[in-house]
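Descriptive structure summary
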Amino acid sequence: MKKGSMRIGKVLLSVLLIAVLTSMTAACGGSGSGSGSDGGADADGGAKTGTIVWGVDDSLTGTGAGSGLPSYQGTVLAVEQVNAEGGIQIGDTSYTIQLKEYDNKSDASEAVSTLTKLLDVDKVHFVIGWGSSTATLAAAQIAMTRQDDVTMVVGNGRTPMLMVYNTQGNIFRSGTGNVYDPIGIVQYMKEVGCNKTGVIAMMNDTAYSVSAKQYMEKFEECGIESVGLENFEANDTDFNTQVTKLLHAGADSILTVGNIIESATIVRTIREQGSDIPIVNFSAGTGSQWLGVCTNEQMNNCYTTRPWASAIGATDDGTQEAYTEAYIARWNDSPAQADCQAYDDVWIMKAAYEKAQSTDPLEVRAAMKELKVSDLDPRCVDAFEALDGDKLFDEFNQAYAPYQCMRWSMEEKTWTLAAVVGRNLGPAAHREYVLEQREKEGL
Amino acid sequence: MSTMVLQQVINGIVTGGLYTLIAMGLSQIFGVLGISHFAHGSVVIIAGYLGYTFTRVLGWALFPSVILSIICCTVVGLLMERFAYRPMMTKPQINIFILALGMLFIVDNLAEMIWGPDPLAIQAASNVPIHIGPAVLTTFRLAVVLINFAVLFGLWGLMKFTKLGRSIRAMAQNREAAKILGVNLNQTSALVFGIGSALAGLCGIFYTSMIQIVPSSGGTLVLKGFAVMILVGLGNIPGTIVGGLIMGLVESLGATFISEAFKDSYGFLVLILAMLFKPDGLFNRKTQIKY
């Protein structure tokens, strides 16, 4: 009796296994074509459907996770919205977006490995995400040598060097390169009472060190005295020495340039040393990220500047509110800059596919190059500047948006919009920087 | 300049207090059992992470969270002594050394799995800055200094005037003789581990409140604890206080006047120099327990 029921169980299990495998095979369809997509008619002979596969390479863990994780969440939110509305329409075929995701652990060598896997194993041609600079810059070195295989669409990886190396034109970036951050922002620092500023920066990170130096260069032009530059590294937790040195050097304000958690710890240390001076932070993040380290009281008189991101009241058309609401509903967290940029990248990709009316990677890339700001879905969060001919990307494949200056709100316990700076400043400054650096590097 | 030095001295004293706490437990355990208890660092981070979980995740009040975290650490220490070290006491020292390191790594990895790699902090209650002349100290940091001194004074009293203290000292001087004289070796070992782990728990709570905790904090702190222990000589309670302060001050002033980048090296440099001239420790004429 026992043997009999075991045999029946085995047979049932086998049938179940075969059924599951069959349904999985049917769901997956055939093997992907060279364009990272596949399609065919519906079973009922109606509208055709297909699948487009994109790679997502982001810093889900490690030091860049503060940007990488929101970036990934923004990507997923947009893809879900696009798919829910029928996907990408090319001719009479509706393509659903499928994501192949990898965590580059905020590590340069890991990013090279994950991008190579996406290209050689998963055979994707478009890789989005790229929320942090270190990993993005390393992966870009691979992308440059494989320009026919891959198009990188970068969000928050804002290192200025990325576009310097983009000589093959297969990297696009919606997040503003941080080369011109200081231009408007330092003026804003002056407005909030910064006259003698001390800088604490993560100088062993290229993106942060370049920015810190640029800020300090701009201080003099705007009448701010620099009282010193103190260094820290990723994952440092004790900043008493640096803070003590700057405060005793007479700083009436501090600028932090580094990851969110470390910057928040610096804020806490400054307040614990009894100082209530204005603190301007290079990294924005979400309110909850800062309150994970500081109290609301310690955040008083804190500011941050960031590329355009979702901010209630920043536009009159309700875009910001709708995005914020959708993001909170999906992730139970407030949005930041990295998720907005990644979210917009998905809509940019959709617009490029629909403009190209093709799934051929090179045709889509060419269409992306020609995209106009007016081609974009109105749900895009960034207030992109329309360049000559209403174009979204310039000759380096860089899009532009102004910066937002945010002040910590004690009532709302998060950043709130205080000013918009840098409108129209970006293209010329960025162009000058890229050309200068390319000349230096002989590119 | 002098104001800044004063502030850095205060910073160094507070940090040094943490090193003293961890060194004290290590010193007791090494003195009595001869174990290089590297897993003591694990106990520190367990306290920090539990404190964080109780206060920040579960929203409990600070004081009961601290007490519960320290109790948990004491239990962890007792379990380590009973089920990890005691069965290994007759085995070669290298086995115990590797076991201790192994436990440190395992807890480090477990912490990363559970709480993630990012730094976490406990928000200290009523933590407001107070001015001491031109220097500033928060109420919490002041409390940490005072509690450290009170705890260490209590420990000194325990060692000096109680039967348990005499048993511990007897065990440290001659284990076999102590047994003949009626000292319960297992019970005394367990109590030493319990006390040491409670001190480590207190250190973990202070560290997570004043600085932040990451999974690798345990390894860093236990190395500094060993450095203090070796610097001053084994089992010297007043010496350990001074040693912890030396370590904290050297780090703080070194970071100020030389470079912040090598902060963790300065204390070890002093240790090496001290070992060249006073191999038995700054305050011991020879390696022995002193109270």
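Everything numeric here is computed off the predicted structure, so don't read it as measured data.

**Remarks on the overall build of chain B**
Helix and strand counts for chain B stand at eleven helices and two strands. For chain B, the sequential pattern of α-helices and β-strands runs α-α-α-α-β-β-α-α-α-α-α-α-α. Over its C-alpha trace chain B gives a radius of gyration of 19 Å, about what one expects of a compact globule, namely 19 Å for 291 residues. Reported as C-alpha extents along the three principal axes, the dimensions of chain B are approximately 60 × 45 × 35 Å. With 291 residues in all, chain B has 53% of them scored as buried. Look at the contacts in chain B between residues 6 or more apart in sequence, and 75% of them connect residues 24 or more apart. Across chain B, 17 positive and 9 negative side-chain charges occur, with their mean positions spaced 17 Å apart.

**Concerning the confidence of the model for chain B**
Interpretation of the predicted coordinates at a detailed level should be avoided for regions scoring low in pLDDT. Residue and element names in this part refer to chain B. When pLDDT is averaged along chain B, the result is 88; 96% of the residues meet or exceed 70. By mean pLDDT, strand E1 (residues 129–132) is the weakest element of chain B at 85, and helix H2 (residues 40–57) is the strongest at 95. Residue range residues 287–291 is modelled with pLDDT below 50. Its contacts to residues more than four positions away, or to other chains, number 21 contacts.

**Observations concerning the domain arrangement of chain A**
Residues and elements named next belong to chain A. Looking at the assigned domains, one finds that chain A contains domain 1 (37–176 + 320–390) and domain 2 (179–307 + 403–423). Look at where the C-alpha atoms of domain 1 and domain 2 centre, and you get two points 30 Å apart. Counting residues at the interface gives 15 residues for domain 1, matched by 21 residues for domain 2. Both sides together, the interface formed by domain 1 and domain 2 hides about 1,400 Å², and carbon and sulfur atoms give 52% of it.

**Observations concerning the interface of chain A and chain B**
The interface is formed by 24 residues belonging to chain A together with 28 residues belonging to chain B. Where chain A abuts chain B, roughly 2,300 Å² becomes buried across the two surfaces, and 45% of that area is made up of carbon and sulfur atoms. Where chain A packs against chain B, one counts two salt bridges. Broken down by secondary-structure element, the contributors of at least two residues to the side of chain A that touches chain B are helix H8 (240–248) and helix H9 (260–272) of chain A. The dominant element in the side of chain A that touches chain B, judged by the number of residues it contributes, is H8(A), at six residues.

The rules behind the values
- Residues numbered from 1 in each chain as written.
- Chains lettered and ligands numbered in written order.
- Predicted model: local features only at pLDDT ≥ 70, side-chain atom pairs only at ≥ 80, totals over all residues.
- Heavy atoms only, no water.
- Helix = DSSP H or I, 4+ residues; strand = E, 2+ residues; numbered from the N terminus.
- Rg over C-alpha atoms; globule rule 2.2 N^0.38 Å.
- Buried < 20%, exposed > 50% of the residue type's maximum accessible area, 1.4 Å probe, protein only.
- Contact = heavy atoms within 4.5 Å.
- Lys, Arg positive; Asp, Glu negative; His and termini not counted.
- Charge placed at Lys NZ, Arg CZ, Asp CG, Glu CD.
- pLDDT = per-residue confidence, 0-100.
- Domains from an automatic or database assignment.
- Buried area = accessible area lost by both parts, 1.4 Å probe.
- Salt bridge = Lys/Arg side-chain N within 4 Å of Asp/Glu carboxyl O.

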